[in-house]
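# Survey of secondary and tertiary structure
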Amino acid sequence: MEIERKYLIHQIPFSLEVYEVHRIEQAYLCTEPVIRIRREDSNFYITYKSKGLMIREEHNLPLTEESYHHLLKKADGNIITKNRYKIPYNNMNGSYTIELDIFSDIFDGLMLAEVEFTTEEESLAFVPPDWFGEDVTFSSEYHNSTLSRLHY
């Protein structure tokens, strides 16, 4: 089970150079249910996600690079590319990892931050840092699967 909150980011008030970063490319074979393939650095996955906004089932299985490229040819819509920065964040409610996605190519300029939680109560009590923008957790508009279907 995945429990996460998602926020728009308009400006980052610090340098990202010191944080762990991963290059991600992902595409969607289906959006209802969500079946996604992803390359994260040199690792490859296929993922199933159930319906939902803040709470969703998520299952990841490894793929070979060859399988990934075979399935990529069958993907629908936009291929999503982004850099994901892992930023530690501590506040009065606990220690978290902010996953800051900075999109490129077709979605250049879009920045989203996600924070995962162990319980729904913890997610609802979360106080984001000041540099976070609008909470878009309860909008499917910013799901990567939705972005994959946008036409430009």
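In this report, we go over the structure that sits alongside the text. Bear in mind the structure is a predicted one, so any value in this text is a computation, not a measurement.

Reading the values: rules and limits
Residues numbered from 1 in each chain as written. Predicted model: local features only at pLDDT ≥ 70, side-chain atom pairs only at ≥ 80, totals over all residues. Heavy atoms only, no water. Core = buried A, V, L, I, M, F, W, Y, C linked by side-chain atoms within 4.5 Å. Buried < 20%, exposed > 50% of the residue type's maximum accessible area, 1.4 Å probe, protein only. Helix = DSSP H or I, 4+ residues; strand = E, 2+ residues; numbered from the N terminus. Contact = heavy atoms within 4.5 Å. Pairing = 2+ DSSP bridges. Axes fitted to C-alpha atoms, helices over the stretch in contact; angles between N-to-C directions. Polar contact = N/O pair within 3.5 Å; in protein donor to acceptor, adjacent residues only side chain to side chain.

### Thoughts on the nonpolar core
Core analysis: the biggest nonpolar cluster contains 19 residues, and Ile-9, Ile-98, Leu-100, Phe-126 and Phe-132 have the highest contact counts within it. Looking at this core, the elements with two or more residues in it are strand E1 (2-8), strand E7 (76-91), strand E8 (94-103) and strand E9 (111-117). Looking at which element gives the most residues to this core, the answer is E9, with four residues. Sequence-distant contacts of Leu-100, defined by excluding residues within four places in its chain, comprise Ile-9, Ile-12, Leu-16, Asn-83, Arg-84, Tyr-85, Ile-87, Leu-112, Ala-113 and Trp-131.

### Looking at the sheet that holds strand E3 (residues 34-40)
On the basis of which strands lie adjacent, the open sheet formed by nine strands has the order E5-E1-E9-E8-E7-E2-E3-E4-E6 and antiparallel pairing. On the outer flanks of this sheet lie strand E5 (55-56) and strand E6 (58-62), each paired with one strand and no other. Pairing analysis gives eight bridges linking strand E2 (residues 20-31) to E7, with the strands arranged antiparallel. Note on E7: the bridge partner recorded for Tyr-28 is Asp-76. Packing against the sheet, helix H1 (residues 65-72) makes contact with E2, E3, strand E4 (43-49) and E7, and its axis sits at approximately 130 degrees to E3.

### Points about the environment of Ser-123
Mapping Ser-123 onto the fold places it in helix H2 (residues 120-125). Taking C-alpha positions, Ser-123 is 6.9 Å from Arg-5, a pair spaced 118 residues apart along the chain. Of the polar contacts made by the side chain of Ser-123, one reaches the backbone oxygen of Glu-120; its length is 2.6 Å.

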